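So the chains spell out like this:
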Amino acid sequence: MRPAAIIVCGLFLAACGSDAEQDGGGQTTPGPEGASLTVTLRPEGKDGPTRVRRIECVRLGEGSALCRRLEGLTRARLAPVPAATACAELYGGPATARVSGELRGEKVDARFDRVNGCEINRWDENRALLGRASL
């Protein structure tokens, strides 16, 4: 790994403080309209640095700024691109992400990359959850 990337990751993690986004009151158990998710982002691909973020929202659309931004998040938005879909052959970089946990009372485990136009679009539709694909 490049020394600059290590320094940037260390500074990023130090600036983050707590890695849990919580809906007010310190409650971390999601309601039926909430979320308890772990987002693992690898901006440089599988061999690069890893950023992990916990998101706890009692109710999506309320509470912290992140919980408010995730109001429209559904399992369908996290679903993979159907296998028979024709996608533009564009490469959006090596970034990968995984979202796991509970969303609106249902288990989720979604994986993201940017290997073609469909996957780039899927990432961009979930940017509030995933963040930027680069450091």
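Our structure is the block above this text.
What this report covers is the structure whose coordinates are included nearby. Computed from a predicted structure; not experimentally measured.

Cut-off values and rules
- Along each chain, the written sequence defines residue order, and numbers are assigned to residues from 1.
- Restriction of local features to residues with pLDDT of at least 70 applies here, the model being predicted, together with a cutoff of 80 or more for giving and counting side-chain atom pairs; totals for whole chains, interfaces and linings are based on all residues.
- Hydrogen atoms and water are omitted, and side-chain values are computed over all heavy atoms in the structure.
- In the sections that follow, a salt bridge refers to a side-chain nitrogen of Lys or Arg positioned within 4 Å of a carboxyl oxygen of Asp or Glu.
- The secondary structure listing takes helices from DSSP runs of H or I that are at least 4 residues long and strands from runs of E that are at least 2 residues long, numbered from the N terminus.
- As used here, the term nonpolar core means buried Ala, Val, Leu, Ile, Met, Phe, Trp, Tyr and Cys residues forming a set that is joined through side-chain atoms within 4.5 Å.
- Classification of residues uses two cut-offs on accessible area relative to the type maximum, computed with a 1.4 Å probe and protein chains only: under 20% is buried, over 50% is exposed, and between them is partly exposed.
- Whether two residues are in contact is decided by their heavy atoms, any of which lying within 4.5 Å being enough.
- Working definition: a ring pair exists when centres of Phe, Tyr or Trp rings (six-membered ring for Trp) sit within 6.5 Å. Plane angles under 30 degrees give stacked, over 60 give edge-to-face, the rest tilted.
- Charge-over-ring placement is defined geometrically: NZ (Lys) or CZ (Arg) within 6 Å of the ring centre, and within 35 degrees of the ring normal.
- Note on pairing: two strands pair once DSSP finds at least 2 bridges between them.
- Two N or O atoms count as a polar contact when they lie within 3.5 Å, although within protein this holds only if one can serve as hydrogen donor and the other as acceptor, and sequence-adjacent residues are included solely when both atoms are side-chain atoms.

1. Quick look at the pattern of salt bridges
Line of reasoning, step 1. Within the structure shown, the criterion is met by eight salt bridges.
Line of reasoning, step 2. The salt bridge involving Arg104 is made with Glu33; its shortest N-O contact spans 2.5 Å. Note that Arg104 is positioned in the loop between strand 4 (96-103) and strand 5 (106-113) and Glu33 in the loop between strand 1 (20-22) and strand 2 (35-42), a separation of 71 residues in sequence.
Line of reasoning, step 3. A salt bridge links Arg75 to Glu106; the shortest N-O distance between them is 3.2 Å. Of this pair, Arg75 sits in helix 3 (residues 75-78) while Glu106 is found in strand 5, placing the two residues 31 residues apart along the sequence.
Line of reasoning, step 4. Each member of the salt-bridge network shares a partner with another, and the members are Arg114, Asp124 and Arg127.

2. Description of the nonpolar core
In summary, soluble globular proteins display a tendency toward joint burial of nonpolar side chains.
Line of reasoning, step 1. One finds Leu37, Leu78 and Leu129 to be the most contacted residues of the largest nonpolar core, which totals 23 residues.
Line of reasoning, step 2. Secondary-structure elements contributing two or more residues to this core are strand 2, strand 3 (51-57), helix 2 (65-69), strand 4, strand 5 and helix 5 (127-130).
Line of reasoning, step 3. A total of four residues in this core trace back to one element, the largest contributor, which is strand 2.
Line of reasoning, step 4. The contacts of Leu129, once residues within four sequence positions are left out, are Leu37, Val39, Arg53, Ile55, Leu70, Leu73, Leu78 and Val99.

3. Details of the packing of aromatic side chains
Line of reasoning, step 1. Scanning the entire structure with this criterion turns up one aromatic pair.
Line of reasoning, step 2. With a centroid separation of 6.4 Å and 85° between ring planes, the pair formed by Phe112 and Trp123 is classed as edge-to-face. With Phe112 in strand 5 and Trp123 in helix 4 (residues 117-125), the pair connects residues that are eleven residues apart, well separated along the chain. The same class applies to Phe112 as to Trp123, namely buried.
Line of reasoning, step 3. The ring of Phe112 carries Arg122 above its face, with NZ or CZ at 3.9 Å from the centroid.

4. Regarding the pairing of strand 2
Line of reasoning, step 1. Among the eight residues in strand 2, six count as buried, and that is most of the element.
Line of reasoning, step 2. In terms of strand pairing, strand 2 meets strand 3 through seven bridges, oriented antiparallel. In the sheet register, Ser36 faces strand 3, and the bridge partner there is Glu56.

5. Quick word on helix 4
Each full turn of the α-helix corresponds to 3.6 residues, which orients residues three or four apart in the same direction.
Line of reasoning, step 1. Turning to helix 4, its buried residues are Gly117, Cys118, Glu119, Ile120, Arg122 and Trp123.
Line of reasoning, step 2. Here the buried face of helix 4 lies against strand 2, helix 3, strand 4, strand 5 and helix 5.
Line of reasoning, step 3. For helix 4, the capping residue at the N-terminal end is Asn116, with a side-chain oxygen 3.0 Å from the backbone nitrogen of Cys118.

6. Some words on the environment of Asp113
Line of reasoning, step 1. Note on placement: Asp113 falls in strand 5.
Line of reasoning, step 2. Contact partners of Asp113, with chain neighbours within four places excluded, come to Ala95, Thr96, Glu119, Ile120 and Trp123.

Note that all results are geometric; they support no functional claim without further evidence.
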